[in-house]
Amino acid sequence: MYRISIMDECELAQRAAQGDREAFGGLVKCHQAGVYNVAYRMLGEYRDAEDATQETFLRAFRAIQTLDPLRPPGAWLKKIAVNVCLNRLERRGTLTLEDVDALPIKDPGPEAQTIEREQNRQVRTALLTLPPRYRAAIELRHFQELSYAEMAETLNRPLSDIKSDLFRARKLLAETLRKT
Amino acid sequence: MIEHLNDTQLNEYLDNCLDASELVQMEAHLSACPDCRSRLASLQNVFQALAALPEEMPNHGLTPSVLKALPNGSSGLGWRLAFAVQAGLSLGFLLLFFPFMTARIAGIVPGWKAHLVMPEVKFPDPTEFHFSPPIVPLHYPPHLFSLALPVTVTHANFSIWLLLGIAAVLLFIVGNFSLIFHNSSESKK
């Protein structure tokens, strides 16, 4: 994985904001895995996740002037990714367990198959059966570690709705995982 | 002793969003209530399961394909400049062309009411334009706005004005179709 310091990231973001495509390429290399994983968790299908990753970086490139140069760009990119995925999910609608089973899953290879535990597959499947809003709430709280207020800001929704979505999402996940 | 804990309390407890007094009260309740402990454990399982999800690695070809899809940095500025020039030229040509043409048509077509046919042009009284010698300056009706243009219209240069008008309309149409096409191809990226 391509890693650089937060200071270098901020410098790359500043240069990218001045139109330096090479600097933006550095940000892509640095954050593509993180953004891809947001998309993969929310969409559950690797080709969709790749498309969403591409769309996220394209949006980021267009909006790079709005990025606070003093903040590391990773969190900003992941917030864009969540919104990109939400838009895609709204078009797609909620999946049932049968729909999730029918999704083309990336072949993990023999080595990875032995590593990947059955529980992880079950968790991913349970995540994919949640309504899009609930999935976004789980993503922002558990994987991006945002506060309730930051989640409300990212999704542009009232704080009470965000908390309600998050708590219901956890309850649904708990019920689904208990059944499997 | 408080009643059974509700979902909000349990979630806020797990999210470390309770103040010290609430925390003490909740922990006291949890230590004494197996039902609430069981509900808490169920939620804790969710936390643990989510935390244990491994990261997936994207395909190696993802970065090049993302970079390839980025719009050319200079093309955006170029397009914006081109459209600004196109809009400015179209507007300029049309400002010159429409009053002249409406006056001309009014002279040819009996009963022609330019302000009824083209109300958006806002030149309701084109009768101030004359084409017979002597040469007169082209100006817009003063009650709309006062603009003395350094041009003259005569029968002799009529064809030039006509071409100017056609060029304006074509520029307007071609420019706007290019803009729509450009925006549509950008949004597909």
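Anyway, here's the lowdown on the structure attached to this text. Each chain has its residues counted from 1, following the order in which its sequence is written. Just so you know, chain letters begin at A and ligand numbers begin at 1, following the order they were written in. pLDDT decides what is reported in this predicted model: residues at 70 or higher carry local features, side-chain atom pairs at 80 or more are listed and counted, and totals for whole chains, interfaces and linings draw on all residues regardless. In computing side-chain properties, one takes all heavy atoms of the structure into account and sets aside hydrogens as well as water.

A few words now on the overall build of chain B. Helix and strand content of chain B: seven helices and two strands. Starting at the N terminus and ending at the C terminus, chain B contains elements arranged as α-α-α-α-α-α-β-β-α. Counting the 189 residues in chain B, one finds 31% classified as buried. For chain B, long-range pairs separated by at least 24 residues make up 54% of all intrachain contacts whose partners lie at least 6 apart in sequence. In the structure as shown, chain B presents an accessible area of about 11600 Å², 67% of it carried by carbon and sulfur atoms. Counting from the N terminus, the helices are the DSSP runs of H or I reaching at least four residues and the strands are the DSSP runs of E reaching at least two. Burial status follows relative accessibility: with a 1.4 Å probe on protein chains alone, a residue under 20% of its type maximum counts as buried, one over 50% as exposed, and anything between as partly exposed. Between two residues, a contact is recorded if the distance between any of their heavy atoms is within 4.5 Å. Here the open area of atoms and residues is found with the Shrake-Rupley method and a 1.4 Å probe, where only the protein chains shown may cover a residue.

The subject of this paragraph is helix H3 (residues 46-62) of chain A. Here H3 of chain A is 17 residues long and its end C-alpha atoms lie 24 Å apart, about the 24 Å a rise of 1.5 Å per residue gives. Within H3 of chain A, burial applies to Ala 49, Glu 50, Ala 52, Thr 53, Thr 56, Phe 57, Leu 58, Ala 60 and Phe 61 of chain A. On its buried face, H3 of chain A sits against helix H2 (21-43) and helix H4 (73-92) of chain A together with helix H4 (62-69) of chain B. Polar contact is the term for a pair of N or O atoms within 3.5 Å; when the atoms are in protein, one must be able to donate a hydrogen and the other to accept it, and sequence-neighboring residues count only if both atoms are side-chain atoms. Of the residues that open H3 of chain A, the one with a side-chain oxygen 3.0 Å from the backbone nitrogen of Arg 47 of chain A is Glu 45 of chain A. Here the expected length of a helix is defined as 1.5 Å per residue gap, with one fewer gap than residues.

On to the side chain of Thr 63 of chain B, then. Along the chain, Thr 63 of chain B falls in helix H4. Dropping the residues within four chain positions of it, Thr 63 of chain B is found in contact with Val 28, Lys 29 and Gln 32 of chain A.

At the junction of the two partners, chain B supplies 33 residues and chain A supplies 41 residues. When the two sides are added together, the surface that chain B and chain A hide from each other amounts to roughly 3500 Å², 61% of it contributed by carbon and sulfur. By the criterion of area lost to chain A, the three top residues of chain B are Leu 50, Leu 53 and Glu 56 of chain B, representing 19% of everything that side buries. A salt bridge links Glu 56 of chain B to Arg 124 of chain A, with the nearest nitrogen and oxygen atoms 3.7 Å apart. Summed over the shared surface of chain B and chain A, the number is 14 residue pairs in polar contact (both at pLDDT 80 or more). Here the quantity called buried area is the accessible surface, traced with a 1.4 Å probe, that two parts lose on coming together, added over both. One speaks of a salt bridge when a side-chain nitrogen belonging to Lys or Arg is within 4 Å of a carboxyl oxygen belonging to Asp or Glu.

Glancing now at the packing of aromatic side chains. All names here are of chain A. By convention, a stacked pair of Phe, Tyr or Trp rings (six-membered ring in the case of Trp) has centres within 6.5 Å and planes under 30 degrees apart, an edge-to-face pair has planes over 60 apart, and any other such pair is tilted. A full pass over the atoms with the stated rule returns four aromatic pairs over all chains. Centroid distance Phe 24 to Phe 57: 6.4 Å. Interplanar angle 85°. Geometry classified as edge-to-face. Residue Phe 24 is found in helix H2, and its partner Phe 57 is found in helix H3; the two are separated by 33 residues along the sequence. Neither residue differs from the other here; Phe 24 and Phe 57 are each classed as buried. Seen in terms of ring centroids, Tyr 36 and Tyr 40 are 6.0 Å apart; in terms of plane orientation they differ by 10°. Their pairing is stacked. Of the two residues, Tyr 36 and Tyr 40 are both situated in helix H2; the distance of four residues between them amounts to about one turn of the helix. One exposure class covers both Tyr 36 and Tyr 40, and it is buried.

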